[in-house]
Amino acid sequence: MASPRTAPDATLKNSRSLSLRIPEPRFRPGETADFSSMEIPEAGETPRPAVDTAAKDMRELAYGLIRVLGKDGRAVGPWDPKLDVTTLKRGLRNMMLTRAYDDRMYRAQRQGKTSFYMKSTGEEAVAAAAAMVLTREDMCFPTYRQQGLLIARDYPLVEMMNQVYSNGKDPMKGRQLPVMYSSKKDGFFTISGNLGTQLPQAVGWAMASAYKGDDKIAAAWIGDGSTAEGDFHAAMTFASVYRAPVIINIVNNQWAISSFHGMAGGEGATFAARGVGFNLPALRVDGNDFLAVHAATEWAAERARSNLGATVIEHYTYRAEGHSTSDDPSRYRPTDEGKLWPLGDPVERLKQHLIQLGEWSEEQQQSLHADLVEQVRAAGREAEANGTLHAGDRPSVKTMFEDVYEDMDWRLIKQRQELGI
Amino acid sequence: MNAQIEKTAAAADEAGKSIPMNMIQSINSGLDVMLGRDPNCLIFGEDVGYFGGVFRATEGLQKKHGLNRCFDAPINECGIIGSAIGMAAYGLRPIVEIQFADYIYPGYDQIVSEAARIRYRSAGDFTVPMTIRTPYGGGIFGGQTHSQSPEALFTHIAGMKTVIPSNPYDAKGLLIAAIESDDPVVIFEPKRLYNGPFDGYPDKPVTPWQKVEGNLVPEGYYTVPLGKARIAREGADCTILAYGTMVHVAIASAEAVGVDAEVVDLRSLAPLDIETIEASVKKTGRCVIVHEATRTSGFGAELSALVQEHCFYHLEAPIERVTGWDTPYPHAFEWEYFPGPKRVGAALKRVMED
């Protein structure tokens, strides 16, 4: 016969000491990154459910990895979007132009022509492919690392540079930190710079479209680090509850400034898996595979357009450069980590695919690269003629007091007078 | 001239018949009118749909206008305000209810960093015509989480408009003006005034608004412009600057101590009607500022500075502030905390002695 239980006080007493866990990335400066233990499904392995599949019947996709481009550059499996060559070339060009633009603006910041810049190197496929799936009437709610959306939509590079330089022709009138673009006509929502705030807004925009019986959808992007924000939880809840026609893209580029993805809870579970608890379909995608990103975005867009609601897409990628020009990643991660990243580089992989198709060559690649660099250089000259942060024209200081409200109130009028303008 | 008459006649026609209403009814009527007039208006918030809101401000609206015009929201103020911003950017005019002003803080970043700045940061590319309604203030034994007056946290934000009505007519007119404003507006509704005016004597029974003389609210459409104060009581001796619940306390206090005070009901803190304030203080030469919120960095500090800047040479006594104490709102000591007629009256006597 079992002995009677002792008093609760005694049984609940813990004789062991607790210890606080602080997550740390696997590799630090001076060490060599080793990704050999990373589980990477083969291209073509992940099944593609029908667009109207119930979220509960496709949960495994939140833990898999949608990949189309294999090591040999072939497009394989059910997620192959079967894009024509013109579209593939267009995608390659969009990614390369983004990279060339980033390189020039990074140097411009180093030359003191602006205060700040942020590159998207290594993760260009995320924005480039999405821009080619969504229409201009759909609204994108980007972070500061989706400049590729504007570039893919042929937004003038000169205008982007004018913004980065806060010069006399800056469409944002010198009010915003560099790279915080806005272009309603291109379906590109004003970038905040605060993290995660755009997510519930995107859901609301999508709800509005549904409320009006419109045919437009919204898409939002957030980094792996910012999924820790309350706004992410708010957006997921609202997207699920109201079945909003929105695509929630989590760009898992492994790093949030110096904090690795584990600091946002990404060690034991995937970020896509967060969709599961909200009953949202969740796709985990090789973010350096242009075709996979394209296919996943198409799937999610079709689902949203069919009134079936939101999809979460985790783009598994790597931030190849620093967070911004104010960052030095060599202080917190091995310098070769990016080179060892097992999912390669999105530009190289799409190039290889086109070569494999017999539609492209290294020579053409070099020639296109030279053309794009020249395009960026020409735009740069034009933008610099409009002024840079500390030289040449800048927006009229008078405009500093405009657009706070629809109409300027007496306080602002008085303060403008106080400034003497 | 004729056009003006026609406009006035048309406005009277739109306003329709006036009837007695309490503040909940007038707010409900304002929401009803706007749902009827503008298909881009929609309402959401915690418990506002089928149930009609914890204070009943949205009662019957879902049934009358449809499920998607007035619906419940998850308990997530960041999500409520954040999604309303997205809707407004799309082109709708969302009206959201935050159940108590005390609950607004999870949505504060969306207000400060987003709603208020989107017009500015996008150089007018996007705007946020969103209205946030939220009950504020004490006097209902709500303790620290149902009694706060956080208006100064909003007047400090460039790009936000902050509105506080003190009676049913203004509550409806200001609400409609807020909904039609292309800027984001937060309306703090004095919950102690929902059923009837409150003069600061907690033991006196509440006189319902329906029995208050002259309290008539048009059933139809009309607006009270944002940024125009109202002289709630004309007087010659001293100006009292007040808003919301404290307008009624100010009037009762002046009458109790026999000071002929001019009570200015600000109605809107941002934009602020400086002209009316200036004219009144220059006329009386004395100024007492009353609000229920904590004193330090409260809106009274701003008012005091403005009166000093605009009226210094007309002042015959130091400006006084009568406010809530710099403590959280205590449940058991509500009436020691509340800046009631005793404290307002004492301040009036002090400024009159100088």
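Right above here is the structure, for reference.
Residues numbered from 1 in each chain as written. Chains lettered and ligands numbered in written order. Predicted model: local features only at pLDDT ≥ 70, side-chain atom pairs only at ≥ 80, totals over all residues. Heavy atoms only, no water.

All names here are of chain A. Following the sequence through the fold, His-353 ends up in helix H10 (residues 346-356). For the pair formed by His-353 and Gly-70, sequence separation is 283 residues and the distance between their alpha carbons is 8.9 Å. Not counting the four nearest positions on each side in its chain, His-353 is found in contact with Leu-69, Gly-73, Arg-74, Ala-75, Leu-88 and Leu-291. (Helix = DSSP H or I, 4+ residues; strand = E, 2+ residues; numbered from the N terminus. Contact = heavy atoms within 4.5 Å.)

Of all hydrophobic cores here, the largest spans 83 residues; its most connected members are Val-246 of chain A together with Phe-44, Met-130, Ile-132 and Leu-266 of chain B. A domain-level breakdown of this core finds at least three residues from each of domain 1 (13-218) and domain 2 (230-353) of chain B. Those residues in contact with Val-246 of chain A, other than ones at most four positions away along the chain, are Ala-202, Val-203, Ala-206, Ala-218, Ala-219, Ala-239, Ala-304, Gly-309, Ala-310 and Thr-311 of chain A. (Core = buried A, V, L, I, M, F, W, Y, C linked by side-chain atoms within 4.5 Å. Buried < 20%, exposed > 50% of the residue type's maximum accessible area, 1.4 Å probe, protein only. Domains from an automatic or database assignment.)

This brings us to the sheet that holds strand S6 (residues 161-163) of chain B. Adjacent strands of a sheet pair through backbone hydrogen bonds, lying either parallel or antiparallel. All names here are of chain B. Taken together, the seven strands give an open sheet; going across it, the order is S3-S2-S4-S5-S7-S6-S12, and neighbouring strands pair in mixed fashion. Each edge of the open sheet is held by one strand with a lone partner, namely strand S3 (70-72) and strand S12 (268-270). Going from strand to strand, the sheet's axes swing by 20° on average, the running direction of each strand aside. Sheet analysis places strand S2 (residues 41-45) next to S3, joined by three bridges and oriented parallel. Counted as the bridge partner of Ile-43 is Cys-70 from S3. Helix H2 (residues 23-37) contacts S2, strand S4 (93-97), strand S5 (131-136) and strand S7 (185-190) of the sheet and is inclined by roughly 135° relative to S2. (Pairing = 2+ DSSP bridges. Axes fitted to C-alpha atoms, helices over the stretch in contact; angles between N-to-C directions.)

Residues and elements named next belong to chain A. This model, assessed by the stated rule, comprises 48 salt bridges over all chains. When the shortest N-O distance is used, the salt bridge between Asp-286 and Arg-67 registers 3.0 Å. One end of the pair, Asp-286, is in strand S6 (residues 282-286); the other, Arg-67, is in the loop between helix H1 (8-12) and helix H2 (85-110), with 219 residues separating them in the sequence. Among the residues examined, Asp-286 registers a relative accessible area of 0% and is labelled buried. (Salt bridge = Lys/Arg side-chain N within 4 Å of Asp/Glu carboxyl O.)

Here we come to the side chain of Ser-26 of chain B. All names here are of chain B. In this fold, Ser-26 is placed in helix H2. Reaching out from Ser-26, the side chain makes a polar contact with the backbone oxygen of Pro-168 at a distance of 2.8 Å. Among residues more than four places away in sequence, those in contact with Ser-26 are Met-21, Pro-168, Ala-171, Lys-172 and Val-217. (Polar contact = N/O pair within 3.5 Å; in protein donor to acceptor, adjacent residues only side chain to side chain.)

Next up on the list: the pairing of strand S3 (residues 246-252) of chain A. All names here are of chain A. Burial analysis of S3 places seven of its seven residues in the buried class, the great majority of the element. Bridge analysis of S3 against strand S7 (residues 311-316) gives six bridges, and the strand direction is parallel. Bridge pairing links Asn-249 to Ile-313 in S7.

A few words on the packing of aromatic side chains. Within a pair of aromatic rings, the relevant descriptors are the distance that separates the centres and the angle that separates the planes. Applying the stated criterion to the full structure yields 27 aromatic pairs over all chains. Aromatic ring contacts, followed pair by pair, group Phe-27, Phe-35, Tyr-316, Tyr-318 and Trp-341 of chain A into a single cluster. Sitting above the plane of the Phe-51 of chain B ring, Arg-56 of chain B keeps its charged end 4.6 Å from the centroid. When the ring centre of Phe-198 of chain B is taken as reference, the NZ or CZ atom of Arg-192 of chain B above it lies at 3.7 Å. (Phe/Tyr/Trp six-rings, centres within 6.5 Å; stacked < 30°, edge-to-face > 60°. Lys NZ or Arg CZ within 6 Å of the ring centre and 35° of its normal.)

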